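Here is what each chain is made of, one letter per residue.
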Amino acid sequence: MFIRSLSKNLSLEDLRGLERRIPYQKIHDSPTLKFYTNWSIYDRYIFSEDDLYKDPYVKSLGDLYERVAADIYYLGSKVEILSNKNSHIDVRYYPRKEILEGSVREFFNIPDLFESKMILRHLLDISSGLYIDIKDSSKDLLKIYVGGSFKNSHLSQHIYIRIRDSVKSKILFIVDAPEDGMRTLFNEFNLENNAEATIGFVMFGGSASYNRNYLSLDKGSSVRFFTIIFGGEASTLINSYYLNGERSSVFSRSFTLSREDEWIHNAEQAFLENIDTESRIFMRGVAYDDSKNIMRGYAKQNRDARRSKASVDVQGINLGGRSLLVAAPFIEVLSGDVDEASHSASQYTLDLDAEFYLRSRGLDKDNAIKILLKDYVEDYISGVDEDLQKVFREYLANSFIS
Amino acid sequence: MSKREDTDLKNIIGLTTAEEILGEREIGGDKLVIKGRISPDLIDEISRRKKEPDWMRRMRRMYLEIFNKLSTPQWLEGIEELDLDELSYYVDPGVERRFSWEEIPKDIVEAYEKLGIKKAEAEFLLGLNAQLDSESILLRTKENLLKKGVVFLPLEEAVHKYPDMIREYFMKIFPPEHKFAALHGALWSGGVFVYVPPNVKIDTPVEAFFLIGSALEGNFEHTLIIADKNSSLHFIEGCAAPRLSRYSFHDGMVEIYVGENAHVTFTTLQNWSSQVINFNNKRAIVERNGHIEWVEGSIGSKVTYVYPSAVLRGDNASMESYVITFARDGHIKDSGSKVIHRGRNTRSRIVSKSISMRGGKTIYRGVVRILKGAENAKSYTSCDTLLLDDKSITATYPHVQNDEPTAIIGHEARVSKISDQLLFYLRSRGLNENEALSMIISGYISDVLSRLPFEQAAIIRGAIDLEFSKYGRVG
């Protein structure tokens, strides 16, 4: 069985037993912050096989198609491909049973299945999966809308994206908020030699979401990954970039916004495995009200990553009365022959004098903050791919900082 | 291979470690040791030997219970050979404490002479407590120190003379919050107690120097400093060991209470031999307008875990921390600095400079924590690493956690190699490659070096220059 080969001959039952014992998070280096997110929320939602045959709950399904206008709708454990303009791609859908039997062997090419309980939960509870094969270059944006949730249950969605040799592609994910349920979405990207990808990832929090993007980069390939996360009761997004091929590169830029009692955990981690690889991680975050915003950047330059370059830059603004912001830019250099390894972190406040002035001119606190944050947001947006900028601006326009 | 790579770094960069100075001979003669499984009986035996009051014995037992309950941190590396059951937890060097060098056995004095401690004591220290193994063997205090009412004593003696102060502060600034802090509390032996009365300013440093004389020793000295209101003190901590046949284990602790408007500078020159596993727990609590300055030169040891830290409790309290770390020959140096801002307008500045060479591993692990209410707190961290060859590695794990909207925090770090361009430039100006390397490294660490007292700076500078001297000293 597929799952046996994945997990060193452990059966499903064995894995269930293991899943109960593995912690959500192995803390090695965080002496003050015990948990990156509120894991107990994830405990509320237990997978039920029966849910797979129900319609998922999707917020305002009626105007969804118009509102989002995506090419692929992946709702609950169902998929709809609405647009036929993207003839350069093949999309295949796999239900739970077929995935567990190993119909698509590329799924779960994950370095460490046992890193967190959530990975095993995602695997064991898998609802369905998509296999997307991008065969030719296209200037059009491939939009993938991921949504739906099962009430009080766990919806586990999985997408594998193959970007073939020398293909250039642009992909936008819009990941909607789960309501009264937990959703895990794992995306695995394989960029073959000299492939280029620009990926936008807009994520809405909701009740409980745990999302991961694994990107494997072959020789000469490059990815630009732009993320925005809007709140959520317990929202986790971990992006892992494996720069396996020489001259492969990643440029990642993320922005997280939390307010009220939301809790965001965003991690961007790059593993530089080969010569002349390059990783640039740039994270920005705003925490407001009583929210928590945890940003972890990490770059590891392994022994063979000679002449590699890595930088991690984490910056945040803490606006709230009781909000918490954590910036942890980690870097490990295992090769003595790197060209660059640097990181920086900063947290600062808004210009209080300017805020006072704006409020004295009749603006309320929220509006004063929005004006003062404008440059900060613009600094992030201006570094985003032009096609994605428009979408990002629209979403930000509806958020509390605009 | 380029000419540069062809150069054998081992012949270029060599440090003046204490083990090179002291050689392989163990220090001291017949010793009385307490060893065996760590148990309440063993704790009682140590306490009995020290003729401690019962409250201290009970405290030790309490820390032992905590030690037994806590698990060993999983992230520690390089301590595989550490077997707590085979260590001697108390080693009496067999030398009574004296007040002059002449009364100390000649072979021991010779060791201190070689390390420059005797000369330093005569020329620029106001006080010196020299400890061999688990006991103080020499206490020197100059009249000026005593006249001002400063208390400078081995901690064991202070337990009897100043029990109220010891009970109030001992292991209260650094409570047994992890397994090895609890172990220290149970087994502590030796160390110094310093009390600086209000309005007393001590401009000349006092020093405590710790020597591990033999292999398989557990060394648990404890330094407790109380700087009362409006006082100032510069304390130097030195440590060394000869080349040992097997490992020894150092699990020390430094607790500093910095009163209102007080200023304490704590300088460490860690020069253990390359068999020593070194844990050191250092923390200060700083009251209103108080200032703590940690300066650390970490040269020796096989493995080191040390993070000088401060809780900035009072408004306007501040901390500065300057650390230079060398890791070589596969040694691991895990260091950094931690600060918790609690008072308003508190300030912290952390500067760390690491050099990894010949397969050494340096790790920066730091915490900046701004608590709610620490309005207008400001913190800045800079941690740089220089990799001298492709076998050496480094990692940085800073953790910045902010609960306070008005805080401003900055952190930056850089890992670099010695640039071929710079080397070429220096060589074109007439320096040979070794001189150029020496000059670059001296420049790299100059920020921190300038904070050290002249004598300590000279030791580190000498360390870098040692091998270079074969080719011509720089500067």
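Residues numbered from 1 in each chain as written. Chains lettered and ligands numbered in written order. Predicted model: local features only at pLDDT ≥ 70, side-chain atom pairs only at ≥ 80, totals over all residues. Heavy atoms only, no water.

Remarks on the overall build of chain B
Counted only if it meets this: For the purposes of this entry, the term helix denotes a DSSP run of H or I that reaches at least four residues, the term strand denotes a run of E that reaches at least two, and both are numbered from the N terminus. Relative accessibility thresholds used throughout: buried, under 20% of the residue-type maximum; exposed, over 50%; partly exposed, between the two (1.4 Å probe, protein chains only). The contact criterion used is simple: two residues touch if any of their non-hydrogen atoms lie within 4.5 Å. The Shrake-Rupley method, run with a 1.4 Å probe sphere, supplies the accessible areas, and residue values consider only the shown protein chains as cover.
In terms of regular secondary structure, chain B is built from 15 helices and 24 strands. When each of the 475 residues of chain B is scored for burial, the buried share is 64%. Looking at chain B alone, contacts between residues at least 24 apart form 85% of all its contacts between residues at least 6 apart. Carbon and sulfur atoms form 48% of the exposed surface of chain B, whose accessible area is close to 17,400 Å².

Looking at the packing of aromatic side chains
Threshold: Centres within 6.5 Å make a pair out of two Phe, Tyr or Trp rings, where for Trp the six-membered ring is used; the pair is then stacked when the planes are under 30 degrees apart, edge-to-face when over 60, and tilted otherwise. Think of it as a cone above the ring: NZ of Lys or CZ of Arg counts as a charge over the ring if it is within 6 Å of the ring centre and within 35 degrees of the ring normal.
Per the counting criterion, the structure on display carries 38 aromatic pairs over all chains. Measuring from ring centre to ring centre gives 6.4 Å for phenylalanine 107 of chain A and phenylalanine 108 of chain A, while their planes differ by 85°; the resulting arrangement is edge-to-face. On the basis of relative accessible area, phenylalanine 107 of chain A is assigned to the buried category, the value being 0%. Ring geometry for phenylalanine 255 of chain A versus tyrosine 380 of chain A: centroids 5.0 Å apart, planes at 40°, classification tilted. With phenylalanine 255 of chain A in strand β13 (residues 249–258) and tyrosine 380 of chain A in helix α7 (residues 365–381), this residue pair connects regions lying 125 residues apart in the sequence. A single burial state applies to phenylalanine 255 of chain A and to tyrosine 380 of chain A, both of which are buried. A connected cluster of aromatic rings, assembled from ring pairs, spans Trp75, Tyr89, Phe180, Phe220, Phe249, Phe279 and Tyr305 of chain B. The aromatic ring of tyrosine 24 of chain A is capped on one face by lysine 117 of chain A, whose charged end is 5.4 Å from the ring centroid. Across the ring face of tyrosine 307 of chain B, the terminal group of lysine 338 of chain B is positioned such that the distance to the ring centre comes to 4.5 Å.

Things to note about helix α7 (residues 117–124) of chain B
Residues and elements named next belong to chain B. Worth spelling out the cut-off: Our arc is simply the arc of the directions from the helix axis toward the C-beta atoms.
All of the buried residues along α7 are Ile117, Ala120, Glu121 and Phe124. The buried residues of α7 all sit within an arc of 115° when viewed along its axis, so they share a single face. Turned more than 90 degrees away from the buried face of α7, the exposed residues are Lys119, Ala122 and Glu123.

With respect to the side chain of asparagine 129 of chain B
All names here are of chain B. Using the following cut-off: In protein, a polar contact means a hydrogen-donor-capable atom and an acceptor-capable atom, both N or O and within 3.5 Å, with residues adjacent in sequence counting only if both atoms are side-chain atoms; elsewhere, any N or O pair within 3.5 Å suffices.
Positionally, asparagine 129 belongs in strand β3 (residues 127–132). Here the side chain of asparagine 129 touches serine 136 through a polar contact of 2.7 Å, side chain to side chain. Setting aside residues up to four positions removed in sequence, asparagine 129 forms contacts with Ser136, Leu138, Leu139, Phe152, Pro154, Gly191, Val192, Glu207, Ala208 and Phe209.

Quick word on the interface of chain B and chain A
To keep it simple, the criterion reads: Think of a salt bridge as a Lys or Arg side-chain nitrogen and an Asp or Glu carboxyl oxygen that are within 4 Å of each other.
In this complex, chain B contributes 36 residues to the contact, which on the side of chain A involves 38 residues. At the boundary of chain B with chain A, the tally comes to 2 salt bridges. Residue lysine 417 of chain B pairs with aspartate 337 of chain A through a salt bridge whose shortest N-O separation is 2.8 Å. Remark: the boundary between chain B and chain A carries 16 residue pairs in polar contact (both at pLDDT 80 or more).

Thoughts on the pairing of strand β8 (residues 182–191) of chain A
Residues and elements named next belong to chain A. Short version of the rule: Only when DSSP finds a minimum of two bridges between them are two strands counted as paired.
For β8, a buried count of 10 out of 10 residues is recorded, marking the element as mostly surrounded by other parts of the structure. Alternating positions in β8 separate into two faces, Met182, Thr184, Phe186, Glu188 and Asn190 on one and Arg183, Leu185, Asn187, Phe189 and Leu191 on the other, with burial throughout. Across 10 bridges, strand β6 (residues 154–163) lies against β8 in parallel orientation. Note that in β8 the partner of tyrosine 160 across the bridge is glutamate 188. Bridge count for β8 against strand β10 (residues 208–217) is 10 bridges, and the pairing is parallel. Considered in β10, the bridge of leucine 191 is made with leucine 217.

Here we look at the pattern of salt bridges
With the rule as written, the count across this model stands at 51 salt bridges over all chains. Of the charged contacts, one joins glutamate 115 of chain A and arginine 212 of chain A as a salt bridge, the two residues approaching to 3.1 Å between their closest N and O atoms. Residue glutamate 115 of chain A is found in the loop between α4 (96–101) and α5 (117–124), and its partner arginine 212 of chain A is found in strand β10; the two are separated by 97 residues along the sequence. Via salt bridges that share partners, Asp44, Asp54, Arg57, Arg58 and Arg61 of chain B belong to a single interconnected network.

Details of the environment of aspartate 387 of chain A
Residue and element names in this part refer to chain A. Within the secondary structure, aspartate 387 sits in helix α8 (residues 386–397). The partly exposed category is assigned to aspartate 387, whose relative accessible area is 38%. For the pair aspartate 387 and isoleucine 294, spaced 93 residues apart in the sequence, the C-alpha separation amounts to 28 Å. Excluding residues within four positions of it along the chain, aspartate 387 makes contact with Lys139 and Lys170. Engagement of the side chain of aspartate 387 in a polar contact is seen with the side chain of lysine 170, the distance being 2.6 Å.

Some thoughts on the pairing of strand β9 (residues 196–204) of chain A
Residues and elements named next belong to chain A. When you tally the buried positions in β9, you get 7 out of 9 residues, the bulk of the element. In this sheet, strand β11 (residues 222–230) lies alongside β9 in parallel orientation, the contact comprising 9 bridges. Residue pairing in the sheet places phenylalanine 201 in a bridge with threonine 227 of β11.

With respect to the confidence of the model for chain B
All names here are of chain B. Note the following rule: Each residue carries a pLDDT score, the predictor's confidence in it, ranging from 0 to 100.
Of all residues in chain B, 89% attain a pLDDT of 70 or more, and the chain-wide mean is 87. The secondary structure element of chain B with the lowest average pLDDT is helix α2 (residues 9–12), at 36, and the one with the highest is strand β9 (residues 222–227), at 98. In the model, residues 1–15 has pLDDT below 50 throughout and makes 35 contacts with residues more than four positions away in sequence or in other chains. Every residue in residues 467–475 scores below 50 in pLDDT, and together they form 21 contacts with partners more than four places removed in sequence or on other chains. Complex prediction metrics read pTM 0.83 and ipTM 0.74.

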